[in-house]
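A closer look at the structure
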Number of protein chains: 2
Amino acid sequence: MALPSKKSAILVDGVVLNGPTTDRRAGEKFVEEASRLIMEEVILKATDVNEKVCEWQSPEQLKQLLDLEMRDTGESHDRLLQLCRDVIRFSVKTNHPRFFNQLYAGLDYYSLVGRFMTEALNPSVYTYEVSPVFLLVEEAVLKKMIEFIGWQEGDGIFNPGGSLSNMYAMNLARYKYCPDIKEKGLSGLPRLILFTSAECHYSVKKSASFLGIGTENVCFVETDGRGKMIPEELEKQVLQARKEGSTPFLVCATSGTTVLGSFDPLEEIADVCERQGLWLHVDASWGGSALMSRKHRKLLHGIHRADSVAWNPHKMLMAGIQCCALLVKDKSDLLKKCYSAEASYLFQQDKFYDVSYDTGDKSIQCSRRPDAFKFWMTWKALGTLGLEERVNRALALSRYLVDEIKKREGFKLLMEPEYANICFWYIPPSLRETEEGPEFWEKLNLTFPDPHKMDPTYKGSVLKLRFGTEREAEVAPAIKERMMKKGSLMLGYQQHRGKVNFFRQVVISPQVSREDMDFLLDEIDLLGRDM
Amino acid sequence: MALPSKKSAILVDGVVLNGPTTDRRAGEKFVEEASRLIMEEVILKATDVNEKVCEWQSPEQLKQLLDLEMRDTGESHDRLLQLCRDVIRFSVKTNHPRFFNQLYAGLDYYSLVGRFMTEALNPSVYTYEVSPVFLLVEEAVLKKMIEFIGWQEGDGIFNPGGSLSNMYAMNLARYKYCPDIKEKGLSGLPRLILFTSAECHYSVKKSASFLGIGTENVCFVETDGRGKMIPEELEKQVLQARKEGSTPFLVCATSGTTVLGSFDPLEEIADVCERQGLWLHVDASWGGSALMSRKHRKLLHGIHRADSVAWNPHKMLMAGIQCCALLVKDKSDLLKKCYSAEASYLFQQDKFYDVSYDTGDKSIQCSRRPDAFKFWMTWKALGTLGLEERVNRALALSRYLVDEIKKREGFKLLMEPEYANICFWYIPPSLRETEEGPEFWEKLNLTFPDPHKMDPTYKGSVLKLRFGTEREAEVAPAIKERMMKKGSLMLGYQQHRGKVNFFRQVVISPQVSREDMDFLLDEIDLLGRDM
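Predicted, not measured: the structure shown is a model, and the values here were computed from it.

Before going further, it helps to examine the overall build of chain A. The helix and strand tally for chain A stands at 16 helices and 14 strands. Relative to the globule expectation of 24 Å for 531 residues, the C-alpha radius of gyration of chain A, 26 Å, shows essentially globular dimensions. Here chain A holds 531 residues, and 67% of them are scored as buried. Within chain A, contacts between residues separated by at least 24 positions form 71% of all contacts whose residues are at least 6 apart in sequence. Total accessible area on chain A is roughly 18500 Å²; 50% of this is exposed by carbon and sulfur atoms. Between the centroid of the 70 positive side chains of chain A and the centroid of its 75 negative side chains there is a distance of 1 Å.

Written out as structure tokens, the structure reads:
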């Protein structure tokens, strides 16, 4: 029986403290209505090939269209639902079968359910007492991924991004080389130097700068015509660096480079690392998923010899952004030793359970999301064979597209791809008669002042000048502009190592079919026909 | 009209490429069923005060209960739904009104809808072309947070965790001190040294180690009896470090320390920083939300003088894990200059829109989640006044609990709190007659071999020994074990700077009321009555 005193209102600092102040019923109703909206407008509509990939608005226009301002008083549920509708409408539909712009795409229903669950449960994965299920799931997923790399055992952690995984690995290699750096820092030490290919992800440079190593101490090893690191060049540079008094400690190979989708020759690189006593990290953020396919895992031949591997299931395996594992071969608890700070309020050693399950101290994060779980859901739903099928199909579709590009007039392949990145130029009709000389390439990629080197105040007007008369623009950017304004598809383009702007098409999702590949080429031709 | 050739099956590498292979209808049905389950089992049931906070299972038991293994073939939808049910059942209900274990708690319906939306849309926030809405929302939220800090202008970025925000700030301060470090690294430079309080978050140490500065170059400044940094001590240590040939570059003050909830005196610290020419970073990850309250923002008096601030709306403002902003006063594009790597495939300078909206190059991440959006949803829904009310109520409830602790026999306050951390001891009946001398404290915190220093193979048996005869255990850990096994509530305990194990109660959610505060004390007393 409640005491009578509990019934009277308790006021502290003018605030009534009796009972919860949240209107549960209204809140639950709002979640229900919004969930319906998400189901209809995103899960059903945004994945429909007949809908637009995006509804382009310039930043200035979009600011007018959206009511972004946060005010003193809140908005009604109806108004909020309208806001949600607007947000969905003007967002790019990365689930759309014709979104080919990044290294992620498509909708995986199982991982999505996993994500809805973890958002609702709102856990932080550091101690077993608050995240029992998600810690065990992470352990199980890491173990399975380690199996696919081909290690007998290992350790690992899920991080918010492959960039961070690469940083972790770099720090780990440094710690292994000289554990004292954790306490003493780099001051006064000889120059540590690391090696990666000229095609590596930009996070290697970011990592070197963040970790205090410095971008000048990243040695970019030359690649062959296919974008693969040349092992002989690597060894030459390692020896040269030693001669110059620097201290090599790490080689970062790439399995699936960002632009070309190239795979470094891991066996040969591992040989160099072994001879030279260097940590081998493999950035397989993009290409790691090929390990799921018995047909294609040979792309990563030798990966079992790596000391650490970064692998992002949120890319080809569609686990949802972000889902990125760093896997480490060492089993001497290196990850823990390197990263631990032993916070007494979180990692108490006098708990009543086995505190080796409190893995949070392996991380540079404190609160951490349960990113392994969504991948586990997909793996459970599809099985290893289902994941393998996805990889095989994406690569078969890539092969089909390459064959079509070769057949069609007006398209020119940059190189034979190894993976799901298909890089090609579109040659507009006006250039098809021109021979492939300097004039051809210059016309394909009209030069203009580098906006980077200009006074930023002039940037706007130069852009206007360029696009005021569209025919003066480069081919790929102009087509990209037209496709985005039409909303028919999205794919990326870039200049790359002396090559003028080309398209990079990325095939991932099982919602995509050869009809979409045909559409892609038809559409680019349609958009560029008058150029 | 489709060409006839498009109708025949196209096979590449044995894979049929016609049409999508995903069964959309089945997938959509699964999402619908799972969403219903989440609504019932998490949103409705897990927030119910009459339900358990957790259903404790040891790691070994839980592995038996959950079917964690990933197999070659996938599972049926029915089986998957059962798995989801199990995952929810054995997960800790961080939304439960009696989950007080961490610096986050409760359920915010609006932020949850924002999270469901972004999971469904699956964006990555780096370029305007793929994340138009979420980039504008991030800009708007940062601008508003900057206003609350009291800066005229500024810059910022959302990061996966306050720890990372602190790292960003440390790197930024280092870059500001010596931009060359980005390229050249720390090798050969004098020892950089930074200052923080002895009560700081453990991420300051982790940051120093990760960034190559070294944990020994973190100077821990002594605090007063309330856990606040002593500015005179700070200045003394800065001068001392200079005398010893080190190079001070940063002071990291804390607004809302993790254990005690203390606020460093920012005005006085800013004076020291100004005199000594040091970057002032304020880790307001926990305490920053007090800025929303006109009554309580005085706790952060002087914060406008900081050069950078870390502030996590996922804590007291309940935005969902993670939602963490780093805010920077500088407007000379320092963040961009310090972090950029100018990846040509992502941050093309020849795009058809204003590329200053492509803010991804400010980040050490490549793909990045739209964490600002969920906070924006809550702010839109509640308004500034609604957020203020939440802070005021949480702090009024804290005040109420403190008064109750003072009144009750068997409870002893560690110190008067400034914020929502209430630290206290429970004194079991058998100790209530003992005078507060060494014997009293020893009995409250029975000593036992440090499991850290022992052979790990013995760890299990020692833990069993301790808990086989429960009366030999420390009071707080033993009560914690009992409350978790009962599932009635969850709150944290820790030893701290010579103080024996005490409870730390954290009040956040508007679902909590004074009845829960009363319950908390009643329940601890009930659980510890026989000790």
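Residues and elements named next belong to chain A. What the rule picks out here adds up to 94 salt bridges over all chains. Put simply, R24 and E28 hold a salt bridge, and the shortest N to O gap is 3.2 Å. Of this pair, R24 and E28 both sit in helix α1 (residues 24-44), four residues apart, which is roughly one turn of the helix. Given a relative accessible area of 29%, R24 falls into the partly exposed group. Between E129 and K351 there is a salt bridge, and its shortest N-O distance comes to 3.1 Å. Separated by 222 residues along the polypeptide, E129 in the loop between α4 (109-121) and α5 (132-149) and K351 in the loop between α11 (334-339) and α12 (371-407) bring together distant segments of the chain. There is no split in this pair, since E129 and K351 are both buried.

On to the packing of aromatic side chains, then. Residue and element names in this part refer to chain A. For the structure shown, the criterion picks out 52 aromatic pairs over all chains. Ring centres of F148 and W379 lie 5.7 Å apart, and the angle between their planes is 65°; this geometry places the pair in the edge-to-face category. Taken together, the residues span a long stretch of sequence, with F148 in helix α5 and W379 in helix α12 at a distance of 231 residues. In this structure, F148 and W379 share a single accessibility class: buried. Between W286 and Y419, the ring centres sit 5.0 Å apart and the planes meet at 70°, which makes this aromatic pair edge-to-face.

Residues and elements named next belong to chain B. With mixed pairing, five strands are arranged side by side in an open sheet as β3-β13-β14-β12-β11. Of all the strands in the sheet, the pair left with one neighbour each is β3 (99-100) and β11 (411-413). Each of β12 (421-426), β13 (490-496) and β14 (499-506) is contacted by helix α15 (residues 475-486), which is oriented at about 165° to β13, the strand it contacts most. Contacting β3, β11, β12, β13 and β14, helix α16 (residues 514-528) runs over the sheet at an angle of about 25° to β12.

Right, let's talk about the nonpolar core for a bit. Ranked by size, the top nonpolar core spans 328 residues in total, and within it A:W376, A:F503, A:I524, B:W311, B:W376, B:F503 and B:I524 carry the most contacts. Each residue touching A:F503, except ones within four places of it in the same chain, is listed here: A:I422, A:C423, A:F424, A:Y426, A:A476, A:I479, A:M483, A:L491, A:G492, A:Y493, A:Q494 and A:I524. Residues A:V328, B:I157, B:C178 and B:Y339 belong to the second largest nonpolar core, which totals 64 residues.

Here we come to helix α6 (residues 162-177) of chain B. With 16 residues, α6(B) extends 22 Å between its outermost C-alpha atoms, agreeing within 8% with the 22 Å of an ideal straight helix rising 1.5 Å per residue. Among the 16 residues of α6(B), 14 are classified as buried, and the element is accordingly described as predominantly covered.

The rules behind these values
- Residues numbered from 1 in each chain as written.
- Chains lettered and ligands numbered in written order.
- Predicted model: local features only at pLDDT ≥ 70, side-chain atom pairs only at ≥ 80, totals over all residues.
- Heavy atoms only, no water.
- Helix = DSSP H or I, 4+ residues; strand = E, 2+ residues; numbered from the N terminus.
- Rg over C-alpha atoms; globule rule 2.2 N^0.38 Å.
- Buried < 20%, exposed > 50% of the residue type's maximum accessible area, 1.4 Å probe, protein only.
- Contact = heavy atoms within 4.5 Å.
- Areas by Shrake-Rupley, 256 points an atom, 1.4 Å probe, with all protein chains shown as cover.
- Lys, Arg positive; Asp, Glu negative; His and termini not counted.
- Charge placed at Lys NZ, Arg CZ, Asp CG, Glu CD.
- Salt bridge = Lys/Arg side-chain N within 4 Å of Asp/Glu carboxyl O.
- Phe/Tyr/Trp six-rings, centres within 6.5 Å; stacked < 30°, edge-to-face > 60°.
- Pairing = 2+ DSSP bridges.
- Axes fitted to C-alpha atoms, helices over the stretch in contact; angles between N-to-C directions.
- Core = buried A, V, L, I, M, F, W, Y, C linked by side-chain atoms within 4.5 Å.
- Expected span 1.5 Å × (residues − 1).

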